[in-house]
Protein chains: 2
Amino acid sequence: MPTIKDIAKAAGVSPASVSRVINDGPKVGAKTREKIKRIMREMQYQPNANAQAINMQNNASIGIVLADLTDPLFAKMAHGIEKVAAQKDLQIFLNSGAFDRASELDAIEVLLEHRYKALVVHSAMIDDKTLIDFARKVPGLVLLNRHIKEIENRCIWLDDKLGGALMADHIVDKGHKKIAVIGVDGIQNNTRLRIEGMKAQLAKYPVTYEIEMLEQGAATYEGGEVAVQNLLARGVEFSAILAYNDAIAVGAVSMLKAHGMTVPDDVSVVGFNNLILAQCMKPKLTTIHNPIEEMAMKATELALSLSKGNGDSEPDYVMDEHKYSPVLVERQSVTRLS
Amino acid sequence: MPTIKDIAKAAGVSPASVSRVINDGPKVGAKTREKIKRIMREMQYQPNANAQAINMQNNASIGIVLADLTDPLFAKMAHGIEKVAAQKDLQIFLNSGAFDRASELDAIEVLLEHRYKALVVHSAMIDDKTLIDFARKVPGLVLLNRHIKEIENRCIWLDDKLGGALMADHIVDKGHKKIAVIGVDGIQNNTRLRIEGMKAQLAKYPVTYEIEMLEQGAATYEGGEVAVQNLLARGVEFSAILAYNDAIAVGAVSMLKAHGMTVPDDVSVVGFNNLILAQCMKPKLTTIHNPIEEMAMKATELALSLSKGNGDSEPDYVMDEHKYSPVLVERQSVTRLS
DNA sequence: TTGAAAGCGCTACCAT
DNA sequence: ATGGTAGCGCTTTCAA
């Protein structure tokens, strides 16, 4: 693998000139430039990005940490990030963290060791404090899909309370009074926030509502099945289910059918995220749209612009640009109760 | 950001000793080692991976190129690669190529410039010749989900002909004679291979079958809808649809319903890949299981072991370990014709 | 066990 | 417009 010196020698010029050509720098004569270019091509020269990085004291690409790639929601994040990277002609380096704390930490560390300056991290398992430390240390680090009060100017997150309120409002509008919620636990407590939002919203109505909370581990199709199974086993009464995400909702629908109940006639179901799955379902799923792709794009832009600064002064910010709002998408899985 | 020199100075030792500690090398006294470690911690030392890489002449992590992250099938690849990386305690760097030739090429180049030695690339848009050149130049490069004859010992692929045969066999077993195929075009021609497989299989039966091929761009839910729309508009007769993937199959089912036909009573549908989607569907989708995750794991191991060698001699290989077989998964979307 | 010093491939400053 | 060269942060002989 030829180095800059080899090229220089072969072209009869100095390494400095070759470097200039590589970086499209000025101060190189036209013929010299052409000659060097030709030789580089002939010798299949490939710059060593590591050597470049060590000199430039930084790494221009964008570093990304994603908690899990197999979740389509997260895949959407990756896509959003890619979009702005492509448009700015930057590369992204993605390090995924298999959904456990240690590997998420590892992923961040490795990116830092490679001196990536702009970092978009979607962490599901790392605690607030650790992330705050990271954020303070690394000016170009932005947290995606997470809200930490102390560094909220470095976060891009979804308004989960509003999401909960939206769900509650819709279901109450339709005349439901007995509501079951399928959530998931996790460090982020999205579920708790959504339930807060629901309760706050419900409190505005004159009637009393029963919210039956069912914690449940997996945010998956199977998780939805199990949750409904449990609800039924416990003899809980409900006419509507508010699910943590679309996959759970679909699993719930399936298990309800298995028990001879149809959706929405016997039970109404609302999902969350509005993934493609929600549209494919029968019945089409009423759900809450999650603008995660926009959020990812915003986070990337933020990380990029923050990484340019020196990190001395935290930038001003308007919360509205950091907190994104979910939107209700009404389809066919909720019925009106007479 | 402290360097190795800063640590050395603070600890009153030479940079060499610090380096030894960093790399868990021998020849360092116990107390010296402890002291250096303490200082590193105190000063929050973080090794510069770029500097390390430039010395070691290589990059230990695994480089990955994926054509598209938003397709769940590809997300599964990423997951498989991750699994073996984690188990070997290696990092992965993923560069995704937005499904166009230029950015796929770019992704590979960048990884090479960073001197990654083990490369798993899933390219959908780059031509054979270019990939062959890459493979010859980079000993640790492995092609995932692609078969190029000239370098098949460097490829991990699915037996598409067998996939087609499986589909055909099943549908014929069930008494169908008029078959519509929804494919997608692309550089890889999976579709063509599958159709070859179908025809070869069909030829073994005494009856004549009609295969109606419908090319179609998008391998998505919407693509499936459009394809069925077109089939119907063209007045094609069919009792079964063989789809390129599960998403298309689901879209097809939806559009059939929209035209008042039910699956499987009026039309049978077979998908491909066996993603979670196939199980969530009503009716549950009969499909072809694609062992992509195993394939990804295998590809990663191969890349890793190849990158260890000097590249002088192409390793022996047994084709069976490179060509993976799809498997029919019978569910509820195919009916028996009387 | 430790340290001095020569690179790794490249950039950028200072001369020419 | 060009070349010489001193680093960038680290690893790795080779001596001590």
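Looking up chain A in an unreviewed UniProt entry gives the name LacI family DNA-binding transcriptional regulator, with the organism given as Paraglaciecola mesophila.

*Asks:* Which residues make up the sheet that holds strand E9 (residues 268-270) of chain A, and what values go with them?
*Replies:* Residues and elements named next belong to chain A. One open sheet holds the four strands; their spatial order is E7-E6-E8-E9, and the pairing between them is parallel. A strand with exactly one partner marks an edge of an open sheet, and here the two such strands are strand E7 (210-214) and E9. The mean angle between the axes of side-by-side strands here comes to 20°, regardless of whether they run parallel or antiparallel. Across five bridges, the pairing between strand E6 (residues 178-182) and E7 is parallel. Looking at E7, one finds that Ile179 is bridged to Ile211.

*Asks:* So what about the interface of chain A and chain B? Which residues, and what values?
*Replies:* At the interface, 46 residues of chain A touch 46 residues of chain B. Around 4,300 Å² of area is buried between chain A and chain B when both sides are counted, 54% of it from carbon and sulfur atoms. Scanning the region where chain A abuts chain B turns up zero salt bridges. Summed over the shared surface of chain A and chain B, the number is 17 residue pairs in polar contact (both at pLDDT 80 or more). Of all the secondary structure elements, the ones that give two or more residues to the side of chain A that touches chain B are helix H4 (49-56), helix H5 (72-87), strand E2 (92-96), helix H6 (101-113), helix H10 (221-233), helix H11 (246-258) and helix H12 (276-280) of chain A. The leading source of residues in the side of chain A that touches chain B is H6 of chain A, at seven residues. Among the residues forming the side of chain A that touches chain B, the class breakdown is 23 nonpolar, 13 polar and ten charged.

*Asks:* Tell me what's going on with the protein's contact with DNA strand C, and back it up with residues and numbers.
*Replies:* DNA strand C sits among 27 residues. The nearest are Ile4 and Tyr45 of chain A together with Arg20, Gly29 and Asn55 of chain B. Restricting attention to atoms of DNA strand C within 4 Å of the protein, one finds that 67% of them are sugar or phosphate atoms. Gln57 of chain B places a polar side-chain atom, nitrogen or oxygen, 3.4 Å from a phosphate oxygen of DNA strand C. Residue assignment for the surface near DNA strand C shows that the elements contributing at least two residues are helix H2 (15-22) and H4 of chain A together with helix H2 (15-22) and helix H4 (49-56) of chain B. Of all the elements, H4 of chain A adds the most residues to the surface near DNA strand C, at five residues.

*Asks:* Give a description of the pattern of salt bridges that names residues and reports values.
*Replies:* Enumeration according to the criterion identifies 27 salt bridges over all chains in this entry. Note that Lys161 of chain B is salt-bridged to Glu196 of chain B, the shortest N-O span being 3.4 Å. Of this pair, Lys161 of chain B sits in helix H8 (residues 160-173) while Glu196 of chain B sits in helix H9 (residues 190-202); the two residues are 35 residues apart in sequence, bridging distant segments of the chain. When salt bridges with common partners are traced through the structure, they connect Lys161, Arg192 and Glu196 of chain A into a single cluster.

*Asks:* Explain the relation of the copies chain A and chain B to me, using residue names and the numbers behind them.
*Replies:* Turning chain A through 180° and shifting it by 0.0 Å along the axis lays it on chain B, with an RMSD of 0.1 Å. Overall, the copies show the geometry of a two-fold rotation axis. Looking at chain A, 100% of its interface residues are interface residues in chain B too, so the copies touch through the same face.

*Asks:* Go over the protein's contact with DNA strand D with me, naming the residues and quoting the values.
*Replies:* The environment of DNA strand D is formed by 27 residues, the closest being Arg20, Gly29 and Asn55 of chain A together with Ile4 and Tyr45 of chain B. Of everything in DNA strand D that lies within 4 Å of the protein, sugar and phosphate atoms constitute 63%. Taking Ser14 of chain A, its main chain carries an N or O atom lying 2.8 Å from a phosphate oxygen of DNA strand D. Note that a phosphate oxygen of DNA strand D is positioned 2.4 Å from one of the backbone N or O atoms of Gly29 of chain A. Broken down by element, the surface near DNA strand D gets its largest block of residues, five residues, from H4 of chain B.

*Asks:* Now, about the layout of surface pockets: what can you tell me, with residues and values included?
*Replies:* Within this model, the second largest pocket holds a volume of roughly 740 Å³. When contributions to the lining of the second largest pocket are tallied by element, the ones reaching two or more residues are helix H3 (30-42) of chain A together with helix H6 (101-113), strand E3 (116-121), helix H7 (128-137) and helix H13 (292-308) of chain B. Looking at the lining of the second largest pocket, the element that brings in the most residues is H6 of chain B, giving five residues. Classifying every residue of the lining of the second largest pocket gives 13 nonpolar, eight polar and eight charged.

*Asks:* Provide a residue-level description of the pairing of strand E1 (residues 59-66) of chain A, including the pertinent values.
*Replies:* Every other side chain in a regular strand lies on the same face of the sheet, so the side chains alternate between the two faces. All names here are of chain A. Burial runs high along E1: seven of the eight residues are buried. Examined bridge by bridge, E1 and strand E3 (residues 116-122) share six bridges and lie parallel to one another. Directly across from Ile62, in E3, lies its bridge partner Ala118. The pairing of E1 with E2 spans five bridges and is classified as parallel. Bridge pairing in E2 places Val65 opposite Asn95. In this region the chain leaves E1, passes through H5 and returns to the parallel neighbour E2; the handedness of that crossover is right-handed.

Conventions used here
Residues numbered from 1 in each chain as written. Chains lettered and ligands numbered in written order. Predicted model: local features only at pLDDT ≥ 70, side-chain atom pairs only at ≥ 80, totals over all residues. Heavy atoms only, no water. Pairing = 2+ DSSP bridges. Helix = DSSP H or I, 4+ residues; strand = E, 2+ residues; numbered from the N terminus. Axes fitted to C-alpha atoms, helices over the stretch in contact; angles between N-to-C directions. Contact = heavy atoms within 4.5 Å. Buried area = accessible area lost by both parts, 1.4 Å probe. Salt bridge = Lys/Arg side-chain N within 4 Å of Asp/Glu carboxyl O. Polar contact = N/O pair within 3.5 Å; in protein donor to acceptor, adjacent residues only side chain to side chain. Nonpolar A, V, L, I, M, F, W, Y, C, P; charged D, E, K, R; others polar. Near = heavy atom within 4 Å. Least-squares fit on C-alpha atoms with pLDDT ≥ 70 in both. 1 Å grid on protein atoms, 1.4 Å probe; cavity = no way out; pocket = protein on both sides within 12 Å on 5 of 7 lines; lining within 4 Å. Points joined across faces, edges and corners; volume = space filled by probe spheres on them. Buried < 20%, exposed > 50% of the residue type's maximum accessible area, 1.4 Å probe, protein only. Right-handed = clockwise from strand over helix to strand, strands pointing away.

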